[in-house]
Amino acid sequence: MTTRVSWHLSELIRSQPHYLATRDGVFRYVTDHLIYEVLLRIPAESLLAFKIVCKDWYYIIRDPKFINQYRDYHATKDQSIGLVSLIADDDDIDLYDVTNINKLCTTENAVGHLLERPNEQYILKADEADEEYLKIASCNGLICFHSAFPVNIWNPVTRELMFVPQSGIDHHKEVATACGFGFDSSRNVYKVVQLYKRLDDSTLGYEVLSLDTAMQWRRPIQQKNVIHPYYWEFVAGQGAIFVDGSLYWHAKVKEQILCFDVTTEWFKLIQVPDSKHLDMRFSNRLLVGFDRGVCYLTHDNEMLHIWKMQRNCTDKKNMWMEDFSIDLSYISVSDSHIIPVCRRNKKIYLRYGKGLACYDMENQTFVVPVLRRREADYFEFVAYTKSIVCLKDIVGSSFVKPFKPIYVKSFP
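Cut-offs and rules
- Residues numbered from 1 in each chain as written.
- Predicted model: local features only at pLDDT ≥ 70, side-chain atom pairs only at ≥ 80, totals over all residues.
- Heavy atoms only, no water.
- Pairing = 2+ DSSP bridges.
- Helix = DSSP H or I, 4+ residues; strand = E, 2+ residues; numbered from the N terminus.
- Axes fitted to C-alpha atoms, helices over the stretch in contact; angles between N-to-C directions.
- Buried < 20%, exposed > 50% of the residue type's maximum accessible area, 1.4 Å probe, protein only.
- Contact = heavy atoms within 4.5 Å.
- pLDDT = per-residue confidence, 0-100.
- Disulfide = S-S within 2.5 Å.
- Phe/Tyr/Trp six-rings, centres within 6.5 Å; stacked < 30°, edge-to-face > 60°.

Undergrad: When you look at the pairing of strand β15 (residues 266-271) in this model, what are you seeing that I'm missing?
TA: Side-chain positions along a regular strand alternate between the two faces of the sheet. Note that strand β14 (residues 256-261) and β15 share six bridges and pair antiparallel. Residue pairing across strands places Leu-258 opposite Leu-269, the latter belonging to β15. Between β14 and β15, which pair antiparallel and follow one another directly, the connecting turn spans four residues, one of which, Glu-265, has a positive phi of 55 degrees.

Undergrad: Explanation requested: the sheet that holds strand β16 (residues 284-290) in the structure shown.
TA: Backbone hydrogen bonds are what pair the strands of a sheet, in a parallel or an antiparallel way. Taken together, four strands build an open sheet; the order of strands is β16-β17-β18-β19 and the sheet is antiparallel. Of all the strands in the sheet, the pair left with one neighbour each is β16 and β19 (320-327). Ignoring which end each strand starts from, the neighbouring axes of this sheet average 25 degrees apart. Relative to strand β17 (residues 293-299), β16 is paired through seven bridges, and the arrangement is antiparallel. Each bridged residue has a counterpart across the sheet, and for Gly-289 the counterpart in β17 is Val-294.

Undergrad: I keep staring at the pairing of β14 and nothing clicks. Help me out?
TA: Counting buried residues along β14, five of its six residues qualify, which places the element largely inside the surrounding structure. As judged from the six bridges shared by strand β13 (residues 246-251) and β14, these two strands associate in the antiparallel manner. Looking at β14, one finds that Leu-247 is bridged to Phe-260.

Undergrad: For this particular structure, what's the right way to read the side chain of Ser-85?
TA: Summarising the element assignment, Ser-85 is placed in strand β1 (residues 81-88). In this structure Ser-85 comes out as buried when scored by relative accessible area, which is 4%. With residues up to four places along the chain from it excluded, the contact list for Ser-85 reads Asp-97, Val-98, Thr-99, Ile-101, Glu-380 and Phe-381.

Undergrad: What is the right way to read the confidence of the model for the chain from this model?
TA: For residues with low pLDDT, the predicted coordinates do not support detailed interpretation. Chain-level statistics for the chain give a pLDDT mean of 79 and a share of 77% at 70 or above. Per-element mean pLDDT across the chain ranges from 43 in helix α6 (residues 233-236) up to 95 in strand β11 (residues 217-218). In this model, residues 12-22 is a region of pLDDT below 50 whose contacts with residues beyond four sequence positions or in other chains number 15 contacts. Every residue in residues 232-237 scores below 50 in pLDDT, and together they form 24 contacts with partners more than four places removed in sequence or on other chains.

Undergrad: In this structure, what is going on with the state of the cysteines? I would like to understand it.
TA: Note on terminology: a disulfide is the covalent bond linking the sulfur atoms of two cysteines. All chains considered together, the criterion is met by zero disulfides. Free cysteine Cys-358: the closest other cysteine sulfur is in Cys-342, separated by 9.1 Å.

Undergrad: Quick question: what am I supposed to make of the environment of Ile-221 here?
TA: With respect to the helices, strands and loops of the structure, Ile-221 is situated in the loop between β11 and α6. On the basis of relative accessible area, Ile-221 is assigned to the exposed category, the value being 70%. Along the primary structure Ile-221 and Trp-266 are separated by 45 residues, whereas in three dimensions their C-alpha atoms are 9.1 Å apart. Ignoring anything within four residues of it in the chain, the contact list for Ile-221 reads Tyr-206 and Trp-266.

Undergrad: When you look at the environment of Lys-354 in this model, what are you seeing that I'm missing?
TA: Considering the arrangement of structural elements, one finds Lys-354 in the loop between β21 (347-352) and β22 (355-360). Exposure remark for Lys-354: the relative accessible area of 47% places this residue in the partly exposed category. Sequence-wise, Lys-354 and Pro-369 are 15 residues apart; in three dimensions their C-alpha atoms are separated by 7.0 Å.

Undergrad: For this particular structure, what's the right way to read the sheet that holds strand β20 (residues 339-344)?
TA: Taken together, four strands build an open sheet; the order of strands is β20-β21-β22-β23 and the sheet is antiparallel. The open sheet terminates on both sides in strands that have one partner only, identified here as β20 and β23 (365-372). For this sheet, the mean angle separating the axes of adjacent strands, direction not counted, is 25 degrees. Pairing of β20 with β21 involves five bridges; the strand directions are antiparallel. Looking at the pairing, Pro-340 lines up with Leu-350 of β21.

Undergrad: How should I be thinking about the packing of aromatic side chains in this particular structure?
TA: Two measures describe an aromatic ring pair: the distance that separates the ring centres and the angle between the ring planes. Enumeration over the complete set of coordinates arrives at 17 aromatic pairs. Ring geometry for Phe-66 versus Tyr-70: centroids 6.0 Å apart, planes at 35 degrees, classification tilted. With a gap of four residues between them, Phe-66 and Tyr-70 both fall in helix α5 (residues 64-74), about one helical turn apart. For Phe-66, a relative accessible area of 0% gives the class buried. Judged by centre distance (6.0 Å) and plane angle (25 degrees), the ring pair of Phe-145 and Trp-154 falls under stacked. Under the relative-accessibility criterion, Phe-145 is labelled buried at 0%.

Undergrad: What is the right way to read unusual backbone geometry from this model?
TA: What you tend to see is this: most non-glycine residues have negative phi, and most peptide bonds are trans. A positive phi is found at Asn-140, a non-glycine position, where the angle reads about 50 degrees. In this structure, Asn-140 sits in the loop between β4 (135-139) and β5 (142-146). Exposure remark for Asn-140: the relative accessible area of 21% places this residue in the partly exposed category. Phi at Asp-291 is positive, roughly 55 degrees, even though this residue is not glycine. Here Asp-291 is to be found in the loop between β16 and β17.

Spelled out as structure tokens, the structure:
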């Protein structure tokens with residue numbers, strides 16, 4: 001099926017004075033539209049190498065309109081979903097083992113792992129020591145490493161690591177509590193959001209950093225009298241979730257969800273599912289981003305229920321619908337240490353105590369582990385859609401450095 005293109009390639013060529021007007025070889029007989037459609041379907045790692053073929057392709061691949069359409073096209077493609085693991089170093093709190101899990105097989109090999117190609121391992125050194133472990137979050141293919149403050153943004157495909165400058169929080173009057181990373185589609189800009197609590201009245205404040213060449217934190221018009229909630233973020237290891245233009249934080253007190261519209265830069269509160277109405281009998285509850293939606297988990301050591309928030313639904317009773325119900329009796333699970341990471345090829349991948357597990361929805365069976373973690377006190381997984389965004393093109397070279405793997409390894 002051919003993807004509809006909202007604008008013709010010839011318009012892009014006319015808008016770029018650097019485009020070449022001539023064609024060589026076989027490309028002389030290929031239409032602009034067909035070239036565009038072919039480039040749109042090429043895997044991200046290969047597509048970036050095609051930038052050196054000719055100037056036409058270079059400007060196409062780095063054009064924001066093409067990047068956005070490439071992201072939308074690949075958002076539903078299983079082969080475009082990547083996984084990243086973050087494991088804290090037991091001996092040095094500033095060091096983290098970051099592994100880019102390129103692909104997962106559909107059948108188990110002799111050693112009991114589902115890895116079909118070598119993985120890339122990185123060592124990330126936090127710029128500043130923090131009492132809390134780093135967390136990971138993803139937005140449109142970019143990975144954000146953060147604590148209560150944003151630290152780095154990384155594109156695993158381009159292997160670029162961006163340093164996030166410190167916000168303007170006055171530590172005598174304010175305390176940083178959480179942060180988030182999202183995308184403003186109306187302005188085509190990534191934004192980092194820093195939340196803080198005012199110490200004098202316990203209200204919520206925030207700063208916003210737009211990823212551009214200016215790289216300056218700013219304080220938008222603040223909403224008044226918004227009481228700062230107490231987040232689950234550092235209780236359950238879960239940070240902000242970005243879905244459909246908004247960031248979501250799970251507030252522990254009163255069981256509410258804090259929602260921030262990245263475009264309007266405005267907050268609102270959303271009620272969590274009604275446990276009585278939905279017959280939620282389990283005490284372990286958590287808000288997660290899963291399967292391109294905002295989901296609410298309830299589970300004990302036997303069953304996991306995943307409730308998905310319905311978009312644009314104003315009826316509180318029908319806002320949350322049960323999406324999946326998984327029997328956990330096949331794996332050993334303790335407390336809240338199980339989180340769905342992504343869904344691919346009718347399989348759900350879940351983070352649990354021993355690493356990454358795979359649940360086959362058709363056969364209703366588990367394969368554990370598909371990725372075994374080494375012994376460590378802290379580890380996380382995050383899924384991302386592979387992106388061709390080059391951070392240097394967005395913010396310039398002063399904030400970006402190469403982030404290359406220390407080695408490529410296979411498991412075990």
